[in-house]
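Survey of secondary and tertiary structure
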Amino acid sequence: MAHVAVFMGSASDEDLMKPCAEVLDSLGIDYVFTVTSAHRTPERTEALVSELEAGGCQVFICAAGMAAHLAGAVAARTTKPVLGVPLAASPLGGMDALLATVQMPPGFPVGTLALDKAGAKNAAWMAAQILALADPELAARLKAERAGFLSSVEKAAAKVEKADAERRAERRAKNSGK
Ligand code: RP5
């Protein structure tokens, strides 16, 4: 059963949204990953929301560029949480999609993430955090992932500090020989 739906406005959005699927996979979350457009296929969008919601979908992630109304159109049809990922798909660099996604009228919120791949990843993390409210196993997995982030930063810090110490030692040796 898919707990999360990932909708994109166009197949041209797929590359930017693959990282979202990767995070969901890494957390063992079942999801649907598909294309549907607020403007070009409004009936398909409406039918997908109804079908997936009836099948147990808990969170909708919607990514689109340009006049990005997909997340808003989905939010109009469900009271499940809707997360929006604005994509930079026009000469306006994503500002168009950001404003279209974030500026929802009261009562129809879209939790808007960052642009492009960063937002794609965080939409998946946010969806996982929402699901984890009612899933203690997933909550434990999220905590473990956080521990992984901590250790990767610590490793990176140790590497940077070591390289810096070596460069300083080299400079000191050079300067003392002058
Ligand atoms: C939006 O328009 C899509 O989400 C995409 O980002 C952009 C361009 O779509 P295509 O013309 O490539 O289908 O609706």
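None of the values given here were measured: they were computed from a predicted structure.

Points about the sheet that holds strand β4 (residues 82–87)
If you walk across this open sheet you meet the 5 strands as β2-β1-β3-β4-β5, and the pairing is parallel. With one partner strand each, in any of the chains shown, β2 (31–35) and β5 (111–112) form the two edges of the open sheet. Set on the sheet, helix α1 (residues 14–26) makes contact with β1 (4–8), β2, β3 (59–65) and β4; between it and β1 the angle comes to about 170°. Packing against the sheet, helix α4 (residues 95–102) makes contact with β3, β4 and β5, and its axis sits at approximately 165° to β4.

Structural notes on the site of the ligand
Taken together, the neighbourhood of the ligand is formed by Gly9, Ser10, Ser12, Asp13, Ser37, Ala64, Gly65, Met66, Leu87 and Ala89. Broken down by class, the residue content of the shell around the ligand amounts to 4 nonpolar, 5 polar and 1 charged.

Quick word on helix α2 (residues 42–54)
The terminal C-alpha atoms of α2, which comprises 13 residues, lie 18 Å apart, in line with the 18 Å expected from a rise of 1.5 Å per residue. Listed in full, the buried residues belonging to α2 are Thr45, Leu48, Val49 and Leu52. All buried residues of α2 project into a common sector of 100° when viewed along the axis, lining one side. Looking at α2, the residues exposed on the side facing more than 90 degrees away from the buried face are Glu43, Ser50, Glu51 and Ala54. On its buried side, α2 packs onto β1, β2 and α3 (70–75). Directly beyond the C-terminal end of α2, a positive phi value near 105° is found at Gly56.

Overview of the domain arrangement of the chain
Taken as a whole, the chain is organised into domain 1 (4–134) and domain 2 (137–178). Using only C-alpha atoms to locate each centre, domain 1 and domain 2 end up separated by 35 Å. Across the contact, 5 residues belong to domain 1 and 4 residues belong to domain 2. When grouped by side-chain class, the residues that make up the side of domain 1 that touches domain 2 number 4 nonpolar, 1 polar and no charged.

Digging into the environment of Pro81
One can find Pro81 in the loop between α3 and β4. Each C-alpha atom of the pair Pro81 and Gly111 lies 7.7 Å from the other, and the pair is 30 residues apart in sequence.

What to know about the environment of Gly9
As for its position among the elements, Gly9 is in the loop between β1 and α1. Under the C-beta neighbour-count criterion, Gly9 is labelled buried, with 28 such atoms within 10 Å. For Gly9 and Leu142, which are 133 residues apart along the polypeptide, the C-alpha to C-alpha distance reads 29 Å. Beyond its immediate stretch of four places on either side in the chain, Gly9 contacts Ser37, Ala38, Ala63, Ala64, Gly65, Ala68 and Leu70.

Focus: the nonpolar core
Core analysis: the biggest nonpolar cluster contains 44 residues, and Val4, Ile61, Cys62, Ala63 and Val74 have the highest contact counts within it. Counting only elements with at least two residues in this core, the list comes to β1, α1, α2, β3, α3, β4, α4 and α5 (116–132). Take this core: its biggest share by element is 6 residues, from β3. Setting aside residues up to four positions removed in sequence, Val74 forms contacts with Phe7, Thr45, Val49, Phe60, Cys62 and Val82.

Side note on helix α6 (residues 136–176)
Taking 1.5 Å of rise per residue, 41 residues should cover 60 Å, and α6 covers 60 Å from first to last C-alpha, within 8% of that figure. For α6, the buried fraction is low: 0 of the 41 residues fall into the buried class.

Quick look at the packing of α1 against α5
At a closest axis distance of 7 Å, the pairing of α1 and α5 adopts a crossing angle of 25°. Classified by the angle between their axes, α1 and α5 sit roughly parallel to one another. Viewed along their axes, α1 and α5 form a crossing whose handedness is right-handed. On α5, the residues that touch Leu16, Met17, Pro19, Cys20, Val23 and Leu24 of α1 are Asp116, Lys117, Ala120, Lys121, Ala123, Ala124 and Trp125.

Parameters at a glance
Residues numbered from 1 in each chain as written. Predicted model: local features only at pLDDT ≥ 70, side-chain atom pairs only at ≥ 80, totals over all residues. Pairing = 2+ DSSP bridges. Helix = DSSP H or I, 4+ residues; strand = E, 2+ residues; numbered from the N terminus. Contact = placed C-beta atoms within 7 Å. Axes fitted to C-alpha atoms, helices over the stretch in contact; angles between N-to-C directions. Near = placed C-beta within 6 Å. Nonpolar A, V, L, I, M, F, W, Y, C, P; charged D, E, K, R; others polar. Expected span 1.5 Å × (residues − 1). Buried ≥ 20, exposed ≤ 12 C-beta atoms within 10 Å, placed from the backbone. Arc of directions from axis to C-beta. Domains from an automatic or database assignment. Core = buried A, V, L, I, M, F, W, Y, C linked by C-beta atoms within 7 Å. Parallel < 35°, antiparallel > 145°, perpendicular 65-115°, else oblique. Left-handed = near helix turned anticlockwise from the far one by under 90°.

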